[in-house]
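# Residue-level structure breakdown
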Amino acid sequence: MKDINGIEIDHLMGATNTVEENFRLWSTYDWSNEGREWCMSEEWVKSIVRHVILPELGGKDHIVEIGAGAGVWSEILLKLCKQLTLVDIVPKCLDICRQKFATADNVAYELNDGRSLGFIADQGADGIWAMHTFVHVNENDAAAYFREFKRILKPGGVAVIHHGRMGNTGFNMGWRSSVTNETIARICADAGLSLEKQFSSWGKNGKYKLWPSLEEDKIPDSFSIIRQTLQNPA
């Protein structure tokens, strides 16, 4: 059986969005379109930049992008910060990004295990971005990441995370994990992070939506704005 952009996904039937399953899926994915197939339109991308990325991540010293893929969002982020670290579990993705950003002098590339960010120092970042990543990450792995967010974010630092809103939606809606808005709220609290807001639409009167073709109450995803508010213990 084929579903996700023509990939054979029989092996994922009954899967629980583990790191190993994500690695297998995205290692065999056709990245020739750089992930632009998930960008609804040029106007949609620009609206996210204007209403979400610039207000939260503009002018940062060090942004960490989780699940960089083929760098469709990275090319925007690298212009907004002094240092950008691209993180992925798939070597192929980092190789694509290395080629794509070969002339950029402010980008680092890190292969990780889908749970940890040990290559980032304590309070070593002031921004985190993840788009089209946490929708596929299960609760245990998301919680591990959020504990790392608590460690690496400077006081006042922010994480902007795109994730599932309603839980598992099956293959017809992109193999989303069981994570919901409530899950994210809980793991934020457990990690000692402040969840400022969650939203699936933005702009005047909610003009733009994560899924433009769906009514608000049917949209399966959200953005969460997550803040590091307290000084880490000495």
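Structure first, text after, so check above.
The shown structure was predicted, so the numbers you read here are calculated from the model rather than taken from an experiment.

The rules behind these values
Residues numbered from 1 in each chain as written. Predicted model: local features only at pLDDT ≥ 70, side-chain atom pairs only at ≥ 80, totals over all residues. Heavy atoms only, no water. Helix = DSSP H or I, 4+ residues; strand = E, 2+ residues; numbered from the N terminus. Buried < 20%, exposed > 50% of the residue type's maximum accessible area, 1.4 Å probe, protein only. Contact = heavy atoms within 4.5 Å. Phe/Tyr/Trp six-rings, centres within 6.5 Å; stacked < 30°, edge-to-face > 60°. Pairing = 2+ DSSP bridges. Right-handed = clockwise from strand over helix to strand, strands pointing away. Core = buried A, V, L, I, M, F, W, Y, C linked by side-chain atoms within 4.5 Å. Salt bridge = Lys/Arg side-chain N within 4 Å of Asp/Glu carboxyl O.

If you tally the helices and strands in the protein, you get six helices and nine strands. Going through the 234 residues of the protein one by one, you find that 55% of them count as buried. At a minimum sequence separation of 6, the contacts of the protein that also span at least 24 residues come to 68%.

Let us look at the packing of aromatic side chains. Scanning the entire structure with this criterion turns up 16 aromatic pairs. Ring geometry for W129 and F223: centres 6.1 Å apart, planes at 35°, overall tilted. Linking W129 in strand β4 (residues 125-134) with F223 in strand β9 (residues 221-227), this pair joins segments that are 94 residues apart in sequence. Centroid distance W202 to F223: 5.8 Å. Interplanar angle 65°. Geometry classified as edge-to-face. In this pair, W202 sits in strand β7 (residues 201-202) while F223 sits in strand β9, placing the two residues 21 residues apart along the sequence. Assigned by exposure class, W202 and F223 land together as buried. Aromatic rings pair up to connect W44, W73, W129, F199, W202 and F223 into one cluster.

Glancing now at the pairing of strand β1 (residues 60-66). Most of β1 sits out of view: six of its seven residues are buried. The pairing of β1 with strand β2 (residues 81-88) spans six bridges and is classified as parallel. Opposite E65, over in β2, you have L86 as the bridge partner. The pairing of β1 with β4 spans three bridges and is classified as parallel. Bridge pairing links E65 to W129 in β4.

In this section: the pairing of β4. Among the ten residues in β4, ten count as buried, and that is most of the element. Inspection of the sheet shows β4 paired to strand β5 (residues 153-164) by six bridges, in the parallel sense. Looking at β5, one finds that A125 is bridged to L153. Running through helix α5 (residues 139-152), the crossover from β4 to the neighbouring parallel element β5 is right-handed.

Ranked by size, the top nonpolar core spans 36 residues in total, and within it W44, I48, I53, W73, L86, W129 and F223 carry the most contacts. Of all elements in the fold, only α2 (42-57), α3 (74-77), β2, α4 (91-100), β3 (107-111), β4, β5 and β9 reach the threshold of two or more residues within this core. Per-element tally for this core: the top contributor is α2, with seven residues. With 26 residues, the next largest nonpolar core counts I66, I152, V179 and I184 among its residues.

Moving on to the pattern of salt bridges. Throughout the structure, instances matching the rule amount to 17 salt bridges. E34 is the partner of K100 in a salt bridge, and the nearest nitrogen-oxygen pair spans 3.2 Å. In this pair, K100 sits in helix α4 while E34 sits in the loop between α1 (19-27) and α2, placing the two residues 66 residues apart along the sequence. Under the relative-accessibility criterion, E34 is labelled partly exposed at 23%. With a closest N to O distance of 2.9 Å, E196 and R227 form a salt bridge.

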